[in-house]
Amino acid sequence: MTSLTSKLNENGQGASTRAVHGGAKRDKGFHAMTTPIVQTATYAFANTAKVIEFLDAKVYGGELDREEYARYGNPSVWSLERRIANLEVAEDAVVYPSGMSAVTSLFLTVLRPGSHIVMTDDCYRRTRQFCETTLKKFGIETSIVPMGDRDALEAAILPRKTRFIFTETPTNPYLRVADLNRVAELGKQHRALTLLDTTFATPVNLRPLEFGIDFVMHSATKYFGGHNDVLAGVIAGASGRIKALKDARGIFGNVIDPHQAFLVERGLKTLALRVRHQNASALKVARFLEDHPKIDRVYYPGLESHPDHDIACDQMSGFGGVVSFEVAGDINATSDFIDRLRIPYIAPSLGGAESLIEQPAYFSYYDLSSEEREAIGIKDNLARFALGIEDAEDIISDLEDSLTQVPARAAIGKV
Ligand SMILES: *Cc1c(COP(=O)(O)O)cnc(C)c1O
């Protein structure tokens, strides 16, 4: 992995150049500038000799430069996979129709009954549910440890049973940042695979494989697609491991549609432009909110007040486009504040051109009571702002206008 990293860095290309050209074939067919959408279910052979030539290469190993059947491969999908692998400095990548499809396929392919997973507590809620319900049915146990508790992470590892250490960076909604050197080292020491979900960071800000992490995953629905118009997911890593996942995908049948792949590839070209803009606006917004009297607390790894600020500075080249904060008021004052905003849409998700805002108490945790949410650290007055690509000044004046209308605490009476 190290040699691959240095080879890619040797040509000195920046993230934007790589986002546009990296991993792309110069000749994409039909003299087209963009990768054609190859909308086909099957592929034809000229004669039996061509069939045999193809099968020889497939079975005995050789240069496979054509497809056979769309569940096993599609040029639009392969192109996207090469481009993402290039950005992650990975040997290879495998793309799926959603982020959840990516993570569930990885676990189902690699784990067996009796395996054990260690994951950190503010991982994506559906991933955690999959581990605690579906995987449990197959005899696979999951231990959840508090994010940022290094000792608990090590203590949860069961010798010879723990097959995966899984964490995210930055996490949702508190934007915690894992110490990747430490996670990679624990994995190697205990022969456990390490998996990092860096949907919130993107390879523009963080490339976990360079730290020795085995697999990186993304919901490509978010920054990769970048326009709130497509679902996709990806896993990148060493070629042998990714090949096993591609073989499994041919059996599971969870293939991405070529048009979906095209949309993600188109989004990728502006990834670095968008993410750098979002990094800069998010930092401005976070600083503005931190100084505002109607805000109790701001969570953003770019702020000195964030518990993981130092590790984020060491590891990341930008802190991402999501800012979480607590409004100085109760659950209703917070939703009123959100309802008054004019720029962001009230919606789950992140990473697109449009800013989105949500109140986690409602969006992801409506089924829990206020006390249950409090127990897992989700406060009623918490808001999560996922910045789009609008101008930071406009976002800030929108926030300012709505915040001035948040009633002062004294006025609603303290008990
Ligand atoms: C959205 C998201 C997922 C799930 O991805 P889908 O594309 O919605 O299936 C997983 N992890 C993180 C961190 C996410 O934000």
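Definitions and cut-offs
- Residues numbered from 1 in each chain as written.
- Predicted model: local features only at pLDDT ≥ 70, side-chain atom pairs only at ≥ 80, totals over all residues.
- Heavy atoms only, no water.
- Near = heavy atom within 4 Å.
- Areas by Shrake-Rupley, 256 points an atom, 1.4 Å probe, with all protein chains shown as cover.
- Pairing = 2+ DSSP bridges.
- Helix = DSSP H or I, 4+ residues; strand = E, 2+ residues; numbered from the N terminus.
- Axes fitted to C-alpha atoms, helices over the stretch in contact; angles between N-to-C directions.
- Contact = heavy atoms within 4.5 Å.
- Salt bridge = Lys/Arg side-chain N within 4 Å of Asp/Glu carboxyl O.
- Buried < 20%, exposed > 50% of the residue type's maximum accessible area, 1.4 Å probe, protein only.
- Phe/Tyr/Trp six-rings, centres within 6.5 Å; stacked < 30°, edge-to-face > 60°.
- Domains from an automatic or database assignment.
- Buried area = accessible area lost by both parts, 1.4 Å probe.
- Polar contact = N/O pair within 3.5 Å; in protein donor to acceptor, adjacent residues only side chain to side chain.
- Nonpolar A, V, L, I, M, F, W, Y, C, P; charged D, E, K, R; others polar.

### Digging into the site of the ligand
Close to the ligand lie S98, G99, M100, Y124, E168, D197, T199, F200, S219, T221, K222 and A232, which account for all nearby residues. Out of a free accessible area of 380 Å², the ligand has 92% covered by protein chains.

### Description of the sheet that holds strand β3 (residues 141-145)
On the basis of which strands lie adjacent, the open sheet formed by 7 strands has the order β1-β7-β6-β5-β4-β2-β3 and mixed pairing. Since the sheet does not close on itself, it has two edges, and those belong to β1 (92-96) and β3, each with one partner. Between one strand axis and the next, the sheet turns through 20° on average, direction left out of account. Its contacts with the sheet put helix α4 (residues 75-88) on β1, β6 (215-219) and β7 (233-237), and the angle it makes with β1 is roughly 130°. Docked against the sheet, helix α6 (residues 125-137) engages β2 (116-120), β3 and β4 (162-168), running at close to 160° with respect to β2.

### Here we look at the sheet that holds strand β11 (residues 356-358)
Spatial ordering of the open sheet is given by β8-β9-β12-β11-β10, a layout of 5 strands whose pairing is mixed. Two strands bound the open sheet, and with one partner strand each, they are β8 (295-299) and β10 (345-346). Direction of pairing for β8 relative to strand β9 (residues 322-327): antiparallel, over a ladder of 4 bridges. By the bridge assignment, Y299 is partnered in β9 with S324.

### Remarks on the pattern of salt bridges
Throughout the structure, instances matching the rule amount to 21 salt bridges. We note a salt bridge from D92 to K246, for which the minimum N-O separation is 3.2 Å. In this pair, D92 sits in strand β1 while K246 sits in helix α10 (residues 239-252), placing the two residues 154 residues apart along the sequence. Judged by its relative accessible area of 22%, K246 falls in the partly exposed class. Put simply, E81, D92, K246 and R249 are held in one network by salt bridges that share partners.

### A few points about the packing of aromatic side chains
Aromatic ring pairs are reported here in terms of the distance separating the ring centres and the angle at which the planes meet. Overall, the coordinates contain 9 aromatic pairs when judged by the stated rule. For the ring pair F107 and F166, a centre distance of 5.9 Å and an interplane angle of 80° mean the geometry is edge-to-face. With F107 in helix α5 (residues 99-110) and F166 in strand β4, this residue pair connects regions lying 59 residues apart in the sequence. Each member of the pair, F107 as well as F166, is classed as buried.

### A look at the domain arrangement of the chain
We note that the domain assignment places domain 1 (10-38 + 74-268) and domain 2 (272-403) within the chain. A separation of 24 Å is found between the C-alpha centroids of domain 1 and domain 2. Facing 32 residues of domain 1, the contacting portion of domain 2 comprises 40 residues. Between domain 1 and domain 2 lies a buried interface of about 2900 Å² when both sides are counted; carbon and sulfur atoms form 53% of it. Taken as a group, Y174, N205 and Y223 account for 26% of the area that domain 1 buries against domain 2, more than any other trio of residues on that side. Here domain 1 and domain 2 share 2 salt bridges between them. Two residues, D367 and R125, come together in a salt bridge whose shortest N-O distance is 3.3 Å. For the pair domain 1 and domain 2, the number of links is 19 residue pairs in polar contact (both at pLDDT 80 or more). For the side of domain 1 that touches domain 2, the residue count by class is 17 nonpolar, 11 polar and 4 charged.

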